[in-house]
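Listed below are the residues making up each chain.
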Amino acid sequence: MNMQPKHSADATTVEEGLAIQEEQSKFDSKAATDVAMQNTLLTPRFYTTDFDELDAIDVSSVREDWDKLIDQMESDPNKGHFKKNEDWDHVDWDNMEPKLKKEFIDFLISSCTAEFSGCVLYKEMKRRGSNSDITQLFQLMARDEARHAGFINDALREAGVAVNLGFLTQKKKYTYFRPKFIYYATYLSEKIGYARYITIFRHLEANPQHRFHPIFKWFEEWCNDEFSHGEAFALLMKTDPKLTSGVNVWWIKFFLTAVYATMYVRDHQRPAFHEALGVDPDWYAHEVFTKTSALTKQIFPITLDIENPRWQAGLVKLQKANADLARAKQDSGLGAMLRQVSAQARAATAFAGLFFIPAKRHQVPASTRMEPAY
Amino acid sequence: MGWLTKEIEHAPCTVEISHKFESLHAHVRFNNGAVIYPGDEVKVQGPEIMAPFGEIVSEDRDAIIFRASKLEQLWTRLTGDFEVMELCEFSFSEEVTL
């Protein structure tokens, strides 16, 4: 390779980007076929929703904030950021502790799949919608998600893991989300994503000896993208007060509980990963919940009472029930079946226990927009 | 669409797969305006489409749409929402204990 082509992350127009990519692919496709790689089939979800309802959104009540946000996303401050530079230190994959390597690769693959699924969903909304405000937003978000997915993919390639996009030729089922559930869930996933990445980023800033992979250095800009996506969903919800009042408050509580609980359970499945980062998963969960709660006050009229002693106790029970369930699923026989049923019942009870902890109510500010401050 | 019967449709489609550093994405576009409803299944015909790293591959293919029965569509509408949690980065791990 004698001439390093300009990186297409720096391209300002589509044409320029395509030209650079074409040039680059001559090198890359060769490199890709040279190395035998472990193949990982991405399995994103496919969604459909009520596109008419989505089209009916009218952002005129938040027009000023909306235009500002879209302009900012359009100006693409992170263009060119997601590529390796001299800060990308060498990663000694061969000597990485096997358990850590396994958990870290699992972390990268699940992050990549989530970004990828977000991209598929946003692109679908862009394509089937006809409201120009909405389609523009989803186009911009799809751009960011595909860019993040590409960046993680690059880190995976370095680890000898090739992502396989061949899933399209497999039969895939389209599930359905009501638009409001997409708002709650994507809003929360973007905001909690921000809180998760920034917490790790700040922790590693203070404790650089724990930064076992350079990708963490990119977390700040990465999570700022997540932050703006969350802002967009907050504004979308602001356009219709019904979305955050009445019976929907119960839905919001359900989503908050489910997202927090899922995160807690999942993170506790990666002990080596958290140990390498020098992070106690219980501390981390509490920190992320605290930040996410502060952020979601911008639009949700309630936050979960994460300081209530029943909260932590419930999470521990849920985590234990889940681990038992997984073990029981691996065994066969009547005994294993009974253990499965018992674990499922305990998990459901623990979740209900978390859900029914009284929430904290507060006033939602008149103006929704926030800037990343952590 | 019947309550219990599945119908099968064919639709020409364009598949675009980008396996580039700056964008990892894959999309299917139906070229006859076919619309996917909850519970439908889609299979793109032909061999797996692989884009080498650094390339975008775009191919015209035929897709089979397995239309969900009315009952299945209703069921997916009622229950699909709970899968929404999978948009979170931490939800995609298949293994419970690593």
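Everything numeric in this text was worked out from a predicted model, so none of it was measured.

## A word on the overall build of chain A
Of regular secondary structure, chain A possesses 12 helices and six strands. In summary, chain A has a C-alpha radius of gyration of 22 Å against a globular reference of 21 Å for 374 residues, a match within 12%. Each principal axis of the C-alpha distribution contributes one length, and for chain A these read about 65 × 55 × 45 Å. Looking at chain A as a whole, 41% of its 374 residues are labelled buried. Counting contacts in chain A only where the partners sit at least 6 residues apart, residues at least 24 apart contribute 80% of the total.

## Examining the interface of chain A and chain B
Between chain A and chain B, the residue contacts involve 62 residues of the former and 48 residues of the latter. Where the side of chain A that touches chain B is concerned, the elements lending two or more residues are α1 (14-34), α4 (98-128), α5 (132-158), β4 (172-176), α6 (179-206), α8 (248-267) and α11 (309-330) of chain A. No other element matches α4 of chain A, which puts 12 residues into the side of chain A that touches chain B. Bridge count between β4 of chain A and strand β3 (residues 41-44) of chain B: two bridges; the pairing is antiparallel. The residue of β3 of chain B that forms the bridge with K173 of chain A is E41 of chain B.

## Looking at the environment of T257 of chain A
Residue and element names in this part refer to chain A. Within the secondary structure, T257 sits in helix α8. T257 sits in the buried class, given 20 other C-beta atoms within 10 Å. Sequence-distant contacts of T257, defined by excluding residues within four places in its chain, comprise L304, L354 and F355.

## Quick word on the pairing of strand β2 (residues 24-30) of chain B
All names here are of chain B. Strand direction decides the pairing type here: strand β1 (residues 7-19) and β2, joined by seven bridges, are antiparallel. Opposite S18, over in β2, you have H25 as the bridge partner. Count of turn residues in the β1/β2 antiparallel hairpin: four residues.

## Observations concerning unusual backbone geometry
The phi torsion at D76 of chain A lies on the positive side, around 55 degrees, for a residue other than glycine. Relative to the elements of secondary structure, D76 of chain A occurs in the loop between α3 (63-75) and α4.

## Brief notes about the pairing of β1 of chain B
Bridge count between β1 of chain B and strand β4 (residues 55-67) of chain B: 13 bridges; the pairing is antiparallel. The partner of H19 of chain B across the bridge, within β4 of chain B, is E55 of chain B.

## What about the confidence of the model for chain B?
Residues shown with low pLDDT carry predicted positions that ought not to be read at fine detail. Residue and element names in this part refer to chain B. Overall, the predicted model of chain B reaches an average pLDDT of 83, with 84% of residues at or above 70. Within chain B, the lowest mean pLDDT, 88, falls on β2, and the highest, 92, falls on β4. Here the predicted complex scores 0.83 on pTM and 0.77 on ipTM.

## Re the packing of α8 of chain A against α11 of chain A
Residue and element names in this part refer to chain A. Between α8 and α11, whose axes approach to 9 Å, the crossing angle comes to 55 degrees. Classified by the angle their axes make, α8 and α11 are oblique. Where α8 crosses over α11, the two elements pack in a sense that is right-handed. Contacts between α8 and α11 involve A261, Y264 and V265 from the former and L315, L318, Q319 and N322 from the latter. The residue makeup of the contact of α8 with α11, split by class, is five nonpolar, two polar and no charged.

Rules and cut-offs
Per chain, the residues get numbers from 1 upward, laid out in the order the sequence is written. Whichever chain is written first is A, and whichever ligand is written first is 1; the rest continue in order. Whole-chain, interface and lining totals are the exception, using all residues; otherwise, since this is a predicted model, local features are given only for residues with pLDDT of at least 70 and side-chain atom pairs are given and counted only at 80 or more. Helix and strand labels come from DSSP, where a helix needs a run of H or I of at least four residues and a strand needs a run of E of at least two; each type is numbered from the N terminus. Throughout, the radius of gyration refers to the C-alpha atoms, and the reference size of a globule is 2.2 Å times the residue count to the power 0.38. Residue burial is a threshold on neighbouring C-beta atoms within 10 Å of the residue's own C-beta, all placed from the backbone, with 20 or more meaning buried, 12 or fewer meaning exposed, and counts in between meaning partly exposed. Contact criterion: two residues are in contact if their C-beta atoms, reconstructed from the backbone, are within 7 Å. For two strands to be treated as a pair, DSSP must find at least two bridges joining them. Each residue carries a pLDDT score, the predictor's confidence in it, ranging from 0 to 100. For every element, the axis is a line fit to its C-alpha atoms; helices are fit only across the contacting stretch, and the angle between N-to-C directions ranges from 0 to 180 degrees. Each angle is binned into one of four classes, with values under 35 degrees roughly parallel, values over 145 roughly antiparallel, values of 65 to 115 roughly perpendicular, and all other values oblique. Crossings are assigned a handedness: left-handed for a near helix turned anticlockwise from the far helix by less than a right angle, right-handed for a clockwise turn. Residues are grouped as follows: nonpolar covers Ala, Val, Leu, Ile, Met, Phe, Trp, Tyr, Cys and Pro; charged covers Asp, Glu, Lys and Arg; every other residue, Gly included, is treated as polar.

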